[in-house]
Amino acid sequence: MSVHKDIFQFKQFAVTQSKSAMKIGTDGVLLGAWIPIAHKPKTILDIGAGTGVVALMLAQRTEALTIDAVEVDEKAYVECTENFESSPWSDRLFCYHASFEEFVHEIYEKYDLIVSNPPFYTSDVKTDSHTRNKARFAESLPFTQLVEGVSVLLEEQGLFVIVLPCAEEESFISIAASSGLYPSHVTRVKGNPTVEAKRSLITFSRVKGQCEIDTLIIEKQRGVYTESYIALTKEFYLKM
């Protein structure tokens, strides 16, 4: 990945982010690269698409014919649409300008794979930017509402994949269970070997069973990436 002003250049596509409140970060790229696709999803939904980077990564990784995204913020929606249209997969990508609640009530599609890098800051710490607050804080899309909507839209054999702060993992898994969604794989992400895990990547399905739990470390030391992180992201980052 390279950065020129407000353009992020990946190996197969570029993403502009001048309009979106939430810029491209490690969470989104990790999610897009980590999402399991062995079940060969034909229909994909990205909830809270932002710049569209996760949907674009899935367009690169899969042969899904339908990759929908939903984004409530108008500026982010415009930018996401522009990023989709300028990508090599413009015929497979579409962004809806709506809240997730509106989307659930208006769309009759079922999806094999639903993904989200959701607003998740539930603390009292707010920024001065209304759009950034909206993008980052759970009040704009409560976890209960997110899970209930996913349960409606997910195919019986489908997967739901999300990235969250580790501190929210237990609570979210409990909320998901109330809608019949259960974790099958959790990867906890650490910046380096000496710090606590900060993020959880979680795959849910409708099947209640054993959950695989593992850890991903991003850097061995400052500026030196682990083999696992390189393997995960090398199809996207220019210098990997």
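Note that this is a predicted model, so its numbers are computed, not measured.

The rules behind each value
Residues numbered from 1 in each chain as written. Predicted model: local features only at pLDDT ≥ 70, side-chain atom pairs only at ≥ 80, totals over all residues. Heavy atoms only, no water. Axes fitted to C-alpha atoms, helices over the stretch in contact; angles between N-to-C directions. Helix = DSSP H or I, 4+ residues; strand = E, 2+ residues; numbered from the N terminus. Parallel < 35°, antiparallel > 145°, perpendicular 65-115°, else oblique. Left-handed = near helix turned anticlockwise from the far one by under 90°. Contact = heavy atoms within 4.5 Å. Nonpolar A, V, L, I, M, F, W, Y, C, P; charged D, E, K, R; others polar. Pairing = 2+ DSSP bridges. Buried < 20%, exposed > 50% of the residue type's maximum accessible area, 1.4 Å probe, protein only. Phe/Tyr/Trp six-rings, centres within 6.5 Å; stacked < 30°, edge-to-face > 60°. Polar contact = N/O pair within 3.5 Å; in protein donor to acceptor, adjacent residues only side chain to side chain.

S.K.: Any chance you could break down the packing of helix α1 (residues 26-34) against helix α2 (residues 53-61) for me, citing the residues and the numbers?
M.R.: Packed helices, taken two at a time, are described by the angle their axes make and the gap between the axes. For the pair α1 and α2, interaxial distance at closest approach is 9 Å and the crossing angle is 25 degrees. Taken together, the axis directions place α1 and α2 in an arrangement best described as roughly parallel. Crossing of α1 against α2: the hand is right-handed. Listed contacts from α2 to G28, V29, L31, G32, A33 and W34 of α1 are V54, M57, L58 and R61. Counted by class, the contact of α1 with α2 contains seven nonpolar, two polar and one charged residues.

S.K.: Describe the sheet that holds strand β9 (residues 182-190), with residues and values.
M.R.: With respect to topology, eight strands assemble into an open sheet ordered β6-β5-β4-β7-β8-β10-β9-β11, the strand pairing being mixed. Pairing within the sheet leaves two strands with one partner each, and these edge strands are β6 (93-97) and β11 (212-217). Taking the axes of each pair of neighbouring strands and ignoring which way they run, one obtains an average angle of 15 degrees across the sheet. Relative to strand β5 (residues 66-71), strand β4 (residues 43-47) runs parallel, the two sharing five bridges. Directly across from I47, in β5, lies its bridge partner V70. Where α1 meets the sheet, its contacts fall on β7 (111-116), β8 (154-165), β9, β10 (199-205) and β11, and the angle it forms with β10 comes to roughly 35 degrees.

S.K.: Describe the packing of helix α6 (residues 143-153) against helix α7 (residues 166-177), and please don't skip the residues or the numbers.
M.R.: Between α6 and α7, the shortest axis-to-axis distance is 9 Å and the interhelical angle comes to 45 degrees. For the element pair α6 / α7, the angle class is oblique. Here α6 and α7 pass one another in a crossing that is right-handed. Contacts from F143, T144, L146 and V147 of α6 reach α7 at E168, F172, I175 and A176. Grouping the amino acids of the contact of α6 with α7 by side-chain chemistry returns six nonpolar, one polar and one charged.

S.K.: Residue-level account of unusual backbone geometry, with values.
M.R.: With the exception of glycine, the majority of residues adopt a negative phi angle, and the majority of peptide bonds are in the trans configuration. Of note in this structure, K40 is not a glycine but carries a positive phi near 50 degrees. Mapped onto the secondary structure, K40 falls in the loop between α1 and β4. With relative accessibility at 68%, the residue K40 sits in the exposed group.

S.K.: Which residues make up the pairing of β10, and what values do they have?
M.R.: The buried fraction of β10 is high, at seven of seven residues. Here β10 shows a buried face lined by R199, L201, T203 and S205 and a second buried face lined by S200, I202 and F204. The sheet contact formed by β8 and β10 spans six bridges and is antiparallel. In the strand pairing of β10, V161 is matched with T203.

S.K.: How would you summarise the packing of aromatic side chains if you had to cite specific residues and measurements?
M.R.: Counted according to the given criterion, the structure contains 11 aromatic pairs. Between the aromatic rings of F10 and Y237, the centroid separation amounts to 6.4 Å while the plane-to-plane angle is 15 degrees, which identifies the pairing as stacked. Of this pair, F10 sits in the loop between β2 (7-9) and β3 (14-16) while Y237 sits in the segment after α8 (227-233), placing them 227 residues apart in sequence. In terms of burial, F10 and Y237 fall into one category: buried. Taken together, a centroid distance of 5.0 Å and an interplanar angle of 85 degrees make the contact between F143 and F172 edge-to-face.

S.K.: So what about α1? Which residues, and what values?
M.R.: Burial runs high along α1: eight of the nine residues are buried. Residues of α1 that are buried: D27, G28, V29, L30, L31, G32, A33 and W34.

S.K.: So what's going on with the side chain of D73? Residues and values would help.
M.R.: Relative to the assigned elements, D73 resides in the loop between β5 and α3 (74-85). Within polar-contact distance, the side chain of D73 engages the backbone nitrogen of K75 at 3.3 Å. Here the side chain of D73 touches A76 through a polar contact of 3.0 Å, landing on its backbone nitrogen.

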